[in-house]
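# Coordinate analysis (summary)
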Amino acid sequence: MTTAHVFIATSLDGYIARPDGEIDWLLQRDNQAEDHGYLDFMADKGAIVMGRGTYETVAHLKPWPYDVPAYVLSKALAETPVPEGQQDKVTFLDLTPAALLARLGRENIQKVYVDGGQLVQSFLREGLVHDMVITTVPVLIGAGRPLFGSVPKDIDLELMSSRSFPSGMVQCKFRVLP
C-alpha cells in the first residue's frame, strides 16, 4: 500500500505562502547551515505529488529540484503538454488522491511526498496522510495560503518528535491517527 507523507514549513500564523504564492518570508530565514532533515525525509520517497500552485512555484527552477518522479494533480493542467525538459520528470494528472495512490501502488511506489496546501488538505480529508513534518518559522505574515483548511471531522495526531533550531524554527513530526 502506498502511503502519503508531508514535509512543509508554515509561518507561526499558519500560512505556507503569501496570498500571491510568494515564500520570500521562508527563504529569508532558511539557514543553509541548519539541517532540517529534508534529505533524510526524501531518502525513502519514490515520488512527489503536488498541486498546480506548488508546481507553478517550482516549474521555473533550474535544475529541476527533485530526483524522483513528480505527479501534478490538476484539472487545469491535465490536458496540457509537459514543458520541454520536464517530460521524463513530471506527469500531469486529473485524479483523486486515492486514485493516484492506487496507481502509484501498481507502479510499486511505496511512499510519496505530498506538497502544497490544498493538496495536503485533500489528502487529509480523504484520510490518506500517514505523517507530517511541519516546520514553524517564527514570523507572522498576516495573510496568505493556509496549511490547513476546514476538515469534515477532527483529525487526531500523535507527536512523534520535536526539535528547535538556532534560527528559531521549530519542527514537529506528527503521525496521523486512524
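The structure we're discussing is the one just above.
Our subject in this report is the structure included herewith. This is a predicted model, so every value here is computed, not measured.

### Thoughts on helix α5 (residues 117-125)
Taken residue by residue, α5 has G117, L119, V120, Q121, F123 and L124 as its buried positions. Looking at the residues trailing α5, positive phi occurs at G127, about 70 degrees.

### Describing the side chain of T10
Inspection of the secondary structure puts T10 in strand β1 (residues 3-11). Of the residues examined, T10 reaches a relative accessible area of 6% and is grouped as buried. Non-local contacts of T10, meaning those with residues more than four positions away in its chain, are made with Y15, I16, W25, I134, T135, T136 and V137.

### What to know about unusual backbone geometry
Trans is the prevailing form of peptide bonds, just as negative phi is the prevailing case for residues other than glycine. With omega at 0 degrees, the peptide bond leading from K62 into P63 counts as cis. In this structure, P63 sits in the loop between α3 (52-58) and β4 (70-73).

### A few points about helix α4 (residues 97-106)
Those residues of α4 not exposed but buried are P97, L100, L101 and L104. Down the axis of α4, the smallest arc covering the buried residues is 100 degrees, so these residues share one side. Lining the buried residues of α4 we find β1, β3 (47-51), β4, β5 (90-93), β6 (111-115) and α5. Note on α4: the residue one or two positions beyond its end, N108, has a positive phi of about 65 degrees.

### A closer look at the pairing of strand β9 (residues 157-164)
In this sheet, strand β10 (residues 170-176) lies alongside β9 in antiparallel orientation, the contact comprising seven bridges. Within β10, the residue paired with R163 across the bridge is Q171. Between β9 and β10, which pair antiparallel one after the other, the connecting turn spans five residues, and G168 there sits at a positive phi close to 100 degrees.

### Quick word on the packing of aromatic side chains
Applying the stated criterion to the full structure yields seven aromatic pairs. When the ring of F7 is compared with that of F41, the centres are 5.0 Å apart and the planes differ by 40 degrees; the resulting orientation is tilted. A residue pair is termed long-range when its members are at least 10 positions apart, and F7 in strand β1 and F41 in helix α2 (residues 38-42) qualify at 34 residues. There is no split in this pair, since F7 and F41 are both buried. Note on Y55 and F92: the rings are 5.2 Å apart at their centroids and 85 degrees apart in plane angle, and the pair reads as edge-to-face. Of this pair, Y55 sits in helix α3 while F92 sits in strand β5, and the two are 37 residues apart along the sequence. Taken individually, Y55 and F92 each receive the classification buried, so the pair is uniform in this respect. By way of ring pairs, the aromatic residues F7, Y38, F41 and Y113 are connected into one cluster. In this arrangement the basic side chain of K45 is found over the ring face of F41, its NZ or CZ atom lying 4.0 Å from the centre.

Rules used in this analysis
- Residues numbered from 1 in each chain as written.
- Predicted model: local features only at pLDDT ≥ 70, side-chain atom pairs only at ≥ 80, totals over all residues.
- Heavy atoms only, no water.
- Buried < 20%, exposed > 50% of the residue type's maximum accessible area, 1.4 Å probe, protein only.
- Helix = DSSP H or I, 4+ residues; strand = E, 2+ residues; numbered from the N terminus.
- Contact = heavy atoms within 4.5 Å.
- Arc of directions from axis to C-beta.
- Pairing = 2+ DSSP bridges.
- Phe/Tyr/Trp six-rings, centres within 6.5 Å; stacked < 30°, edge-to-face > 60°.
- Lys NZ or Arg CZ within 6 Å of the ring centre and 35° of its normal.

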